[in-house]
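Listed below, chain by chain, are the residues.
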Amino acid sequence: MNLSIFFEPLNEDIFATLTKPRTLGAHISRFVSKFPDWRAADIAILGVNEVRGNGSEENLAPANAPARAVRNKLYTLHKGTGSYNVVDLGNLRPGITLDDTYLRLKEIVEVLIAHNTIPVVIGGTHDLEYGQFMGYEHLERVINVVTVDSSVNMTEAPEATPNQKQLRNILMHEPNYLFSLGQIGYQSYLVEPEVMATMEKMHFEAYRVGEVHRNVQEMEPVIRMADMISFDISAIRHQDAPGYEPANPFGLTGEEVCQLCWYAGLNDNLTSLGIYEYDPALDNRNLTAMTVATMIWYFIEGFYHRKNEQSFTGKQFTKYAVAFNDDNPDRMVFYKSNKSEKWWLEVESLTEGKSPRIVPCSYEDYLLATKGEVPNRWILTQARIG
């Protein structure tokens with residue numbers, strides 16, 4: 001498939017100062033005159049200058065596009081050790097309508113995933129997450145989605161803009177191939193109580209920003225569950241990322257979102273990443289651009305430190321069985337990686353004949369089980385698999 005027809009090439013002036021051989025800019029094949037070999041790449045960066053999801057009538061001009069500002073910072077960062085195979089496809093040409101852009105992004109994500117190339121989408125408004133999600137329809141299996149956002153974009157209000165209800169579109173999408181949704185970093189005073197009641201009713205995981213502050217490491221199993229993940233810049237406090245509207249003094253720190261991106265890169269199952277809602281016009285001294293660039297740097301580094309821990313047989317894992325009494329399950333099975341020391345939990349289905357599902361968990365979940373308590377992650381997963 002000729003993907004180049006969907007993309008606008010990058011301007012040469014972005015790379016004029018990239019002379020140091022150890023920078024990322026010297027190690028990323030980019031679309032300036034010749035379209036890069038995306039089929040052989042591990043990761044493909046693409047910009048989507050689409051902002052009609054916030055009610056705007058026109059898209060951002062290329063000079064003011066978020067991807068341009070992020071590239072200016074990303075390509076000056078020094079690469080880590082080892083070899084990289086990363087390409088930059090340029091900027092996706094927006095569709096005539098917003099729905100056309102969703103479908104165009106869907107097609108690009110679908111093709112890249114089919115060739116084992118991870119798309120890293122720099123948007124644009126957060127409703128583009130819907131196009132990212134539709135790129136998984138061809139897999140014909142259920143998937144897990146994680147979104148990092150200060151709010152839960154699931155409103156039914158008729159006056160709401162598309163970037164305030166893309167999660168509702170994902171939930172209502174037919175065919176339905178969403179297995180789980182994890183929400184990280186939401187702030188209770190920005191979310192309607194009815195929305196959180198819906199999340200609870202559907203057995204989805206949701207973590208307030210304070211829970212992330214207390215223990216960001218407990219978000220690792222949530223991230224490890226994901227096939228796709230999206231970040232809304234509004235999840236980051238204004239001091240670390242001022243380039244979004246409306247301004248919010250509270251939120252995740254830049255260090256915390258980079259930690260989450262490191263976890264995302266390490267996740268063997270994750271096949272797409274989207275970062276949305278960055279507005280360069282509001283970005284004082286390009287601080288947000290630097291934050292987003294560093295997030296992508298940590299994601300790339302995490303990817304090249306993956307352990308390929310997807311099979312739970314052999315000597316790579318240690319199996320633990322915890323016995324229960326009373327009305328609890330007879331026993332609970334855990335797996336611990338001997339390489340990374342990460343934990344997984346086996347959840348039995350209530351439906352006879354269905355195979356158990358093995359899901360990421362934390363050491364804290366294992367400790368709870370040894371004390372005779374059933375971890376909440378086990379309860380939520382069993383409720384979803386039936």
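A. Region of the structure containing the sheet that holds strand β12 (residues 331-337). Read from one edge to the other, the open sheet built from four strands follows the order β11-β12-β13-β14, with strand pairing classed as antiparallel. With one partner strand each, in any of the chains shown, β11 (317-323) and β14 (357-361) form the two edges of the open sheet. For this sheet, the mean angle separating the axes of adjacent strands, direction not counted, is 30°. Two strands pair when backbone bridges link them, and β11 and β12 are joined in this way by seven bridges, in the antiparallel orientation. Its bridge partner lying in β12, Y320 is registered against F334. Where helix α11 (residues 376-385) meets the sheet, it contacts β12, β13 (343-347) and β14, and its direction lies at approximately 45° from that of β13.

B. Structural detail: the state of the cysteines. Enumeration according to the criterion identifies zero disulfides in this entry. Cysteine C261 shares no disulfide, and the gap to the nearest cysteine sulfur, in C258, comes to 6.3 Å.

C. Just helix α5 (residues 193-201), in detail. Within the sequence span of α5, burial applies to V195, M196 and M199. Buried positions in α5, seen along its axis, are confined to an arc of 95° and lie on one side of it. Residues of α5 that are exposed and point over 90 degrees away from its buried face: P193, E194, E200 and K201. Contacts from the buried residues of α5 go to β7 (178-186) and β8 (205-208).

D. The arrangement of the nonpolar core in detail. The biggest cluster of nonpolar side chains holds 55 residues, and the ones touching the most others in it are I184, I229, F231, L260, I296 and F299. Looking at this core, the element that brings in the most residues is helix α9 (residues 287-303), giving nine residues. Excluding residues within four positions of it along the chain, L260 makes contact with V148, I184, V216, M219, I223, F231 and L252. Counting 45 residues, the second-largest nonpolar core is a separate cluster that includes F35, Y130, Y136 and M228.

E. Representation of the side chain of D240 within the structure. Relative to the helices and strands, D240 resides in the loop between β9 (228-232) and α8 (254-266). D240 has contacts with T253, G254, L287 and T291, leaving out every residue within four places of it along the chain.

Thresholds applied
Residues numbered from 1 in each chain as written. Predicted model: local features only at pLDDT ≥ 70, side-chain atom pairs only at ≥ 80, totals over all residues. Heavy atoms only, no water. Pairing = 2+ DSSP bridges. Helix = DSSP H or I, 4+ residues; strand = E, 2+ residues; numbered from the N terminus. Axes fitted to C-alpha atoms, helices over the stretch in contact; angles between N-to-C directions. Contact = heavy atoms within 4.5 Å. Disulfide = S-S within 2.5 Å. Buried < 20%, exposed > 50% of the residue type's maximum accessible area, 1.4 Å probe, protein only. Arc of directions from axis to C-beta. Core = buried A, V, L, I, M, F, W, Y, C linked by side-chain atoms within 4.5 Å.

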